[in-house]
Amino acid sequence: MKVKSVGSIKNKKILILGGTGFLGNKLISSLLNDNLQIYLLARNSRTRKDLQKYNSNKNIKIFDWIGTDSKIIEKILKEVNCVINLCGILYENRTGDFDRVHSELPSLLGELCLKNNIETFVHVSALGVSEFSDSKYSRSKAIGDKRLLENFPKAKILRPSLLFGKGDNFFGQFSKMSSISPALPLISKNTRFQPIFVDDVVLAIIKLLSKKDIKGNIFEIGGKFVYTFEELLKILLDIKNIKRLLIPLSPNLMIFPAFFLQLLPKPPFTVDQMKLLRKDNILNGNHPGLEALNIKATSMKKELTKIYKN
């Protein structure tokens, strides 16, 4: 999806944090056009091959950033109109990483945006986050959302369900596993998700940037249909036209191996992720969703077929 011109988004200058991941790459590719200036903060930016594609584009400026450095953020905020925060982590390398990234950073950004009279701040959180969750990931996200709105009351927060699209973490990972393994792990087979197409999330972000008349602060977004973990894997295998054994595993039983696996630099899963899988990740109607943004959810099966059909 490319955005050539979207109403009042023209000529805006946008600071993006966390723009080098799956969602960030999709967002930037849509925003980069003749009328937008993007300021991207990225760790080790000078040596990263994934950022070389932007070298010749005059509409994006890349700054090397350490997550604790607020001075460079303040400097850039004096030049931009809008801020988009996509920063998020799935596991901690050090104790307290969840709080630093998910709670303290949004809180700081809220303070700095208020101080510098930023027009629009869009913050991407996650569906189902709760201050009372057993999961540190979920608690830190919920606390970050709360502290952001306390410091910058007009912020817009998007809480998407499981993202899908070419290069996503879920279907992409299981597709690779199915190519080399006769069996796939089915952790918490009945946990339900409401997957949303990454381009729909990008469009939601852009609408929140471009339209000033959208009421509300928190938007929970998901696809049209709800699927169990097992149904998602079966849909993927059916599209790929292959058969694999699905091995049911309980999140409670997987906590023990996860305790040791999470010590790896890039753990396949963690104790905290097993706690997350105990609960469904679906819309509950407590906040406005895609309808409030005038977006129609894209068909998951149709898009997955485009990506994985042999």
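Relevant structure appears above.
Not measured: the values here are computed from a predicted model.

Draft legend 1. Inspection of the overall build of the chain at higher detail. Along the backbone of the chain there are 10 helices and 13 strands. Taken over the C-alpha trace, the chain has a radius of gyration of 19 Å; the compact-globule value for 310 residues is 19 Å, and the two agree within 12%. For the chain, the C-alpha atoms occupy an extent of roughly 55 × 45 × 40 Å along the three principal directions. In the chain, the proportion of contacts linking residues at least 24 apart, taken out of those at least 6 apart, comes to 76%. Split by element, the accessible area of the chain, about 15,900 Å² in all, is 52% carbon and sulfur. The chain carries 49 positive and 28 negative side-chain charges, and their two centres are separated by 5 Å.

Draft legend 2. Seen up close, the nonpolar core. With 65 residues, the main nonpolar core has Ile-16, Leu-31 and Ile-205 as its most contacted residues. The leading source of residues in this core is helix H6 (residues 198–210), at 8 residues. Excluding anything up to four places from it in sequence, Ile-205 contacts Leu-23, Leu-27, Ile-84, Leu-86, Val-122, Val-124 and Leu-158. Of all hydrophobic cores here, the second largest spans 23 residues; its members include Leu-77, Val-80, Leu-105 and Ile-218.

Draft legend 3. Up close: a nonpolar patch on the surface. Together, Phe-256, Phe-259, Phe-260 and Leu-263 make up an exposed nonpolar region whose accessible area comes to about 500 Å². Relative to the helices and strands, Leu-263 is located in the loop between helix H8 (251–261) and helix H9 (271–276). Residue class for Leu-263 comes out exposed when judged on its relative accessible area of 68%.

Draft legend 4. Geometry of the state of the cysteines. Evaluation of the coordinates by the stated rule reveals 0 disulfides. Note on Cys-82: no disulfide assigned, nearest cysteine sulfur contributed by Cys-113 at a separation of 9.6 Å. Classification of Cys-82 by relative accessible area gives buried; the value is 0%.

Draft legend 5. Representation of unusual backbone geometry in the model. Even without being a glycine, Ser-188 presents a positive backbone phi close to 60°. Locating Ser-188 in the fold gives a position in the loop between strand S8 (183–187) and strand S9 (192–193). The exposure class of Ser-188 is buried, given its relative accessible area of 13%. Phi at Asn-241 takes a positive value of approximately 60°, unusual for a residue other than glycine. Among the structural elements, Asn-241 can be located in the loop between helix H7 (229–240) and strand S13 (245–249). Looking at Asn-241, the relative accessible area reads 68%, which means it is exposed.

Draft legend 6. Inspection of the pairing of strand S4 (residues 82–85) at higher detail. The two faces of S4 match: Cys-82 and Ile-84 on one face and Val-83 and Asn-85 on the other face are all buried. Pairing of strand S1 (residues 13–17) with S4 involves 4 bridges; the strand directions are parallel. Bridge pairing in S4 links Ile-14 to Cys-82. As paired elements, S4 and strand S5 (residues 120–124) share 4 bridges and run parallel to each other. Paired with Ile-84 across the strands is Val-122, a residue of S5. Crossover S4 to S5 through helix H3 (residues 97–115) is right-handed.

About the thresholds
- Residues numbered from 1 in each chain as written.
- Predicted model: local features only at pLDDT ≥ 70, side-chain atom pairs only at ≥ 80, totals over all residues.
- Heavy atoms only, no water.
- Helix = DSSP H or I, 4+ residues; strand = E, 2+ residues; numbered from the N terminus.
- Rg over C-alpha atoms; globule rule 2.2 N^0.38 Å.
- Contact = heavy atoms within 4.5 Å.
- Areas by Shrake-Rupley, 256 points an atom, 1.4 Å probe, with all protein chains shown as cover.
- Lys, Arg positive; Asp, Glu negative; His and termini not counted.
- Charge placed at Lys NZ, Arg CZ, Asp CG, Glu CD.
- Core = buried A, V, L, I, M, F, W, Y, C linked by side-chain atoms within 4.5 Å.
- Buried < 20%, exposed > 50% of the residue type's maximum accessible area, 1.4 Å probe, protein only.
- Patch = residues over 30% accessible without salt bridge, like charges linked within 9 Å, V, L, I, M, F, W, Y side chains within 5 Å.
- Salt bridge = Lys/Arg side-chain N within 4 Å of Asp/Glu carboxyl O.
- Disulfide = S-S within 2.5 Å.
- Pairing = 2+ DSSP bridges.
- Right-handed = clockwise from strand over helix to strand, strands pointing away.

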